[in-house]
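A structural walkthrough
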Amino acid sequence: MQSPAGKSGPDSAPDSGPDSSSKPAFVGIAKLADLPEGQQLSVYVGLKKVLLCRAGDRVFAMRDMCPHALQPLLGSKVENGVIKCQKHGATFDLVSGRPTNGVTNAALEIYAVNLRDESIAVAVR
Ligand code: FES
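Conventions we followed
Residues numbered from 1 in each chain as written. Predicted model: local features only at pLDDT ≥ 70, side-chain atom pairs only at ≥ 80, totals over all residues. Helix = DSSP H or I, 4+ residues; strand = E, 2+ residues; numbered from the N terminus. Buried ≥ 20, exposed ≤ 12 C-beta atoms within 10 Å, placed from the backbone. Contact = placed C-beta atoms within 7 Å. Core = buried A, V, L, I, M, F, W, Y, C linked by C-beta atoms within 7 Å. Pairing = 2+ DSSP bridges. Axes fitted to C-alpha atoms, helices over the stretch in contact; angles between N-to-C directions.

Some details on the overall build of the protein chain
Secondary structure summary: the protein chain contains zero helices and nine strands in total. Each helix and strand of the protein chain, placed in order from N terminus to C terminus, yields the pattern β-β-β-β-β-β-β-β-β. When the 125 residues of the protein chain are sorted by exposure, 30% land in the buried category. Intrachain contacts of the protein chain at a sequence separation of at least 6 include 44% that bridge at least 24 residues.

Structural notes on the nonpolar core
Val50, Ala61, Tyr111, Val113 and Val122 are the most contacted members of the largest nonpolar core, which totals 26 residues. For this core, the elements supplying multiple residues, two or more each, are β1 (26–31), β3 (48–55), β4 (58–63), β8 (110–116) and β9 (119–123). Not counting chain neighbours up to four residues away, the residues in contact with Val50 comprise Ile29, Val43, Val45, Ala61, Arg63, Asp64, Tyr111, Val122 and Val124.

Here we look at the environment of Ala69
Summarising the element assignment, Ala69 is placed in the loop between β4 and β5 (77–79). Judged by local crowding, Ala69 falls into the exposed class, with 12 C-beta atoms found within 10 Å. Residues Ala69 and Lys87 lie 18 residues apart in sequence; the distance between their C-alpha atoms is 8.6 Å. Discounting chain neighbours no more than four positions away, the residues touching Ala69 are Lys87 and His88.

A word on the sheet that holds β4
Within a sheet, adjacent strands bond to each other through the backbone by hydrogen bonds, running parallel or antiparallel. Spatially, β1-β9-β8-β4-β3-β2 is the arrangement adopted by the six strands of the open sheet, whose pairing is antiparallel. Two strands in the sheet have a free side with no partner beyond their single neighbour: β1 and β2 (40–45). The sheet shows a mean angle of 30° between the axes of neighbouring strands, direction not considered. Across six bridges, β3 lies against β4 in antiparallel orientation. In the sheet register, Ala55 faces β4, and the bridge partner there is Arg58.

Considering the sheet that holds strand β7 (residues 91–93)
Spatially, three strands are ordered β5-β6-β7 in an open sheet, and the strand pairing comes out antiparallel. Strands at the two margins of the open sheet, each flanked by one partner only, are β5 and β7. The sheet shows a mean angle of 20° between the axes of neighbouring strands, taken without regard to direction.

Considerations on the pairing of β2
In terms of strand pairing, β2 meets β3 through six bridges, oriented antiparallel. In the sheet register, Val45 faces β3, and the bridge partner there is Lys48.

Comments concerning the environment of Val124
In this fold, Val124 is placed in the segment after β9. Along the sequence, Val124 and Val45 sit 79 residues apart, while their C-alpha atoms lie 7.4 Å from each other. The contacts of Val124, once residues within four sequence positions are left out, are Pro24, Val27, Val45, Gly46, Lys48, Val50 and Tyr111.

Brief notes about unusual backbone geometry
In this structure, Leu70 takes a positive phi of about 55° despite not being glycine. With respect to the helices and strands, Leu70 occurs in the loop between β4 and β5. Accessibility expressed as a C-beta count within 10 Å gives 9 for Leu70, which makes it exposed. At Asn80, a position not held by glycine, the phi torsion is positive, near 50°. With respect to the helices and strands, Asn80 occurs in the loop between β5 and β6 (82–84).

Right, here's the structure in full:
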C-alpha cells in the first residue's frame, strides 16, 4: 500500500497486525522542521537513498534514483504533483511513481509516509 501523503489514516498507520510481516515498517528518518516547504532531503535508509520532498503540508518519499538512467533525483523540480528528473527530463507522478512523459516507461519507487509528532517516518521496501 502506498500513501505518500502526510496525513494520518488507515493507509499510513504503522503496521501492527498479525499479517504485517510482509509489509515494510515505518522508520523515522527526519524531523518535519528539517524539511521546509518546497525543500528536499536525501537520506539513506539501509542501503537505499530516499528522497523526501515537501509540497505544502504534504511530504512525498521516493527512491533517490531515477529509473531511466539511475541518476539521483535530489534537486529535481517538483511541481503540480510530479517530479522532473534534472538529467533527461523524465517526469513521474509523486503519488503513483508512474512516468508521465515518454522518456522512460519505468516507474519511480514511491514509499508510504507517516507524519506524527513532527517526525517523518517512511516505509521503505
Ligand atoms: S536519468 Fe532521469 S531522465 Fe534520464
